[in-house]
Amino acid sequence: GESVGLHLPTLSVQEGDNSIINCAYSNSASDYFIWYKQESGKGPQFIIDIRSNMDKRQGQRVTVLLNKTVKHLSLQIAATQPGDSAVYFCAETPVYNTDKLIFGTGTRLQVFP
Amino acid sequence: SQTIHQWPATLVQPVGSPLSLECTVEGTSNPNLYWYRQAAGRGLQLLFYSVGIGQISSEVPQNLSASRPQDRQFILSSKKLLLSDSGFYLCASYGTGAYEQYFGPGTRLTVT
């Protein structure tokens, strides 16, 4: 569900390591999932999406994994770079209302040298 | 690809003053449009969305209102601002393909 009132959890990784950001979604009927990246002071940017009929999708340096059994979504970033430092949000589209996205709490990724 | 414009970029307003934030979209027609608010270090709260001209759905009861006078224009308003209205306001639009939303650069509002 929506968790807009919670402080963001933080993940700290060393440059060059792989990052895994996790998200638990609420609606087992959700059909479509998205990961967004938000840099400080800017609007969120689309990273990658996945439909419920898939369990994995790869992009450039990013992979999204979907486990519908436990309602879990993850974003893997390979060879994390300083430019990856941002807040990452997952979002889901419930099938009962495809006009809306429901955003997760967000995770702050900090990359240190 | 579509582009979302928001203005102003920053705004400082006293408590009790009115508010008008504007969002316009280029590169698409008849988009779904959205207003979100984000408090510092927090997640995104959906305030309003619109699936067409004059059609507004309110997600959270508050002293804000939204209007859509034209297909690609979305306005967020208030008659009297509260301190709790401070935040980062984001306008978003649906893409023409799947369900991803594209976000504007945001307006940072500080109510003093």
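As the structure is a prediction and not an experimental result, all values here were calculated from the model.

### Concerning the overall build of chain B
- When helices and strands are counted, chain B shows zero helices and eleven strands.
- Ordered by position in the sequence, the α and β elements of chain B form the string β-β-β-β-β-β-β-β-β-β-β.
- Across its three principal axes, chain B shows a C-alpha extent of roughly 40 × 30 × 20 Å.
- Restricting the contact set of chain B to residue pairs at least 6 apart, pairs at least 24 apart contribute 54%.
- Taken as a whole, chain B presents about 4900 Å² of accessible surface, with 53% of it coming from carbon and sulfur.
- Across chain B, the mean location of the 7 positive side-chain charges is 10 Å away from that of the 6 negative side-chain charges.

### Some remarks on the sheet that holds strand S6 (residues 62–67) of chain A
Residues and elements named next belong to chain A.
- The strand order across the open sheet formed by four strands is S2-S7-S6-S5, and the pairing between neighbours is antiparallel. Each edge of the open sheet carries a strand with a single partner, namely strand S2 (19–24) and strand S5 (56–58). Averaged over neighbouring strand pairs, the angle between their axes works out to 15° when direction is ignored.
- Here S2 pairs with strand S7 (residues 72–77) via six bridges, running antiparallel. The residue of S7 that forms the bridge with Ala24 is His72.

### With respect to the state of the cysteines
- All told, the structure shown has two disulfides over all chains when counted by the stated rule.
- There is a disulfide in this structure between Cys23 of chain A and Cys90 of chain A, and the S-S distance comes to 1.6 Å. Note that Cys23 of chain A is positioned in strand S2 and Cys90 of chain A in strand S8 (residues 86–94), a separation of 67 residues in sequence.
- Each sulfur in the disulfide pair Cys23 of chain B and Cys91 of chain B lies 1.9 Å from the other. Since a negative S-S torsion denotes a left-handed disulfide, the Cys23 of chain B-Cys91 of chain B link at about -70° is left-handed. Of this pair, Cys23 of chain B sits in strand S3 (residues 19–26) while Cys91 of chain B sits in strand S9 (residues 87–94), and the two are 68 residues apart along the sequence.
- For Cys23 of chain B, a relative accessible area of 0% translates into the label buried.

### Focus: the interface of chain B and chain A
- With 24 residues of chain B in contact, the opposing surface of chain A contributes 27 residues.
- In total, chain B and chain A occlude about 2000 Å² of area from one another, counting both sides; carbon and sulfur atoms represent 54% of this.
- Linking chain B to chain A there are one salt bridge.
- Connecting chain B to chain A are five residue pairs in polar contact (both at pLDDT 80 or more).
- Looking at the side of chain B that touches chain A, the elements that each hand over two or more residues are strand S4 (33–38), strand S5 (45–52), S9 and strand S10 (101–103) of chain B.

Basis of the calculations
Residues numbered from 1 in each chain as written. Chains lettered and ligands numbered in written order. Predicted model: local features only at pLDDT ≥ 70, side-chain atom pairs only at ≥ 80, totals over all residues. Heavy atoms only, no water. Helix = DSSP H or I, 4+ residues; strand = E, 2+ residues; numbered from the N terminus. Contact = heavy atoms within 4.5 Å. Areas by Shrake-Rupley, 256 points an atom, 1.4 Å probe, with all protein chains shown as cover. Lys, Arg positive; Asp, Glu negative; His and termini not counted. Charge placed at Lys NZ, Arg CZ, Asp CG, Glu CD. Pairing = 2+ DSSP bridges. Axes fitted to C-alpha atoms, helices over the stretch in contact; angles between N-to-C directions. Disulfide = S-S within 2.5 Å. Buried < 20%, exposed > 50% of the residue type's maximum accessible area, 1.4 Å probe, protein only. Buried area = accessible area lost by both parts, 1.4 Å probe. Salt bridge = Lys/Arg side-chain N within 4 Å of Asp/Glu carboxyl O. Polar contact = N/O pair within 3.5 Å; in protein donor to acceptor, adjacent residues only side chain to side chain.

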